[in-house]
Amino acid sequence: MSASTSGEKLHVLAVDDSVVDRRMVEKLLRRSSFRVTTADSGTRALELLGLGEGSSHSQEPKVNMIITDYCMPGMTGYDLLKIVKESSTLRGIPVFIMSSENVPTRINRCLEEGAEEFLLKPLRQSDVLRLHNQMMRMNRVS
């Protein structure tokens, strides 16, 4: 049963190495009735999703969407996107990439690799509302 039909909030994994940006994204998502789990790196996100080295499937959150910063040390949002889309268990989770840098080649590469959308920072409430509407449509279809 999808989150939209069971009355549960849609669950988002928000990934950003910046504490300020992560808190802002979390606040915007919660204001739009999302349930939010945050991660400070792509590696931590993979652990939460059950793919990391130190992960255990008991802590794996069922997420409806991943929103990740592009520029992070160690593992970029693009790297995280590729791993998610190559995973048989996770590839169906929509991934949204955000960045403060408007680099067309980077944006195109992320979209070609399977990102739902590329958002420019700072994220605004109108962006989150659009994501919410898109997720509700996707959940109705599935």
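No experiment lies behind these values; they were computed from the predicted model shown. (Residues numbered from 1 in each chain as written. Predicted model: local features only at pLDDT ≥ 70, side-chain atom pairs only at ≥ 80, totals over all residues. Heavy atoms only, no water.)

Draft legend 1. Layout of helix 3 (residues 42-49). For helix 3, the full list of buried residues reads Gly-42, Ala-45, Leu-46, Leu-48 and Leu-49. One face of helix 3 carries all of its buried residues, which in axial projection span an arc of 160°. As for helix 3, its buried residues are in contact with strand 1 (11-15), strand 2 (35-39), strand 3 (65-69) and helix 4 (77-86). A positive backbone phi angle near 90° is found at Gly-50, which sits one or two residues after helix 3. (Buried < 20%, exposed > 50% of the residue type's maximum accessible area, 1.4 Å probe, protein only. Helix = DSSP H or I, 4+ residues; strand = E, 2+ residues; numbered from the N terminus. Arc of directions from axis to C-beta. Contact = heavy atoms within 4.5 Å.)

Draft legend 2. Just the pattern of salt bridges, in detail. What the rule picks out here adds up to nine salt bridges. With a shortest N-O distance of 3.1 Å, Lys-121 and Asp-69 are connected by a salt bridge. Pair noted here: Lys-121 is in the loop between strand 5 (117-120) and helix 6 (125-141) and Asp-69 is in strand 3, with a separation of 52 residues, a long-range link. Each member of the pair Lys-121 and Asp-69 is classed as buried. The residue Arg-106 makes a salt bridge to Glu-101 at a minimum N-O spacing of 2.8 Å. (Salt bridge = Lys/Arg side-chain N within 4 Å of Asp/Glu carboxyl O.)

Draft legend 3. Representation of the side chain of Asp-16 within the structure. Within the secondary structure, Asp-16 is located in the loop between strand 1 and helix 2 (19-31). Asp-16 sits in the buried class, given a relative accessible area of 1%. Within the structure, Asp-16 has its side chain in polar contact with the backbone nitrogen of Ser-18 (distance 2.9 Å). Ignoring sequence-local partners within four residues, the contact set of Asp-16 consists of Asp-21, Arg-22, Ala-39, Asp-40, Asp-69, Met-72, Met-98 and Lys-121. (Polar contact = N/O pair within 3.5 Å; in protein donor to acceptor, adjacent residues only side chain to side chain.)

Draft legend 4. Structural view of the packing of aromatic side chains. Per the stated rule, a full pass over the model turns up zero aromatic pairs. Positioned above the aromatic ring of Tyr-78 is the side chain of Arg-109, whose terminal nitrogen or guanidinium carbon lies 3.9 Å from the ring centre. (Phe/Tyr/Trp six-rings, centres within 6.5 Å; stacked < 30°, edge-to-face > 60°. Lys NZ or Arg CZ within 6 Å of the ring centre and 35° of its normal.)

Draft legend 5. Fine view of unusual backbone geometry. Backbone torsion omega between Lys-121 and Pro-122 reads 0°, so that peptide bond is classified as cis. Examined against the element boundaries, Pro-122 turns out to sit in the loop between strand 5 and helix 6. Look at Ser-33: it is not a glycine, yet its phi comes out positive at around 70°.

Draft legend 6. Structural view of the sheet that holds strand 3. Spatial ordering of the open sheet is given by 2-1-3-4-5, a layout of five strands whose pairing is parallel. The open sheet terminates on both sides in strands that have one partner only, identified here as strand 2 and strand 5. Here the average twist between neighbouring strands, direction ignored, is 20°. Of the pairings in the sheet, the one linking strand 3 to strand 4 (residues 95-99) comprises four bridges and is parallel in character. Paired with Ile-67 across the strands is Phe-96, a residue of strand 4. Sheet strands in contact with helix 4 are strand 1, strand 3 and strand 4, and its direction is about 175° off that of strand 4. (Pairing = 2+ DSSP bridges. Axes fitted to C-alpha atoms, helices over the stretch in contact; angles between N-to-C directions.)

Draft legend 7. Looking closely at the state of the cysteines. Counting across every chain of the model gives zero disulfides. Of all cysteine sulfurs, the one in Cys-110 lies closest to Cys-71, which takes part in no disulfide; the gap is 9.7 Å. Residue class for Cys-71 comes out partly exposed when judged on its relative accessible area of 33%. (Disulfide = S-S within 2.5 Å.)

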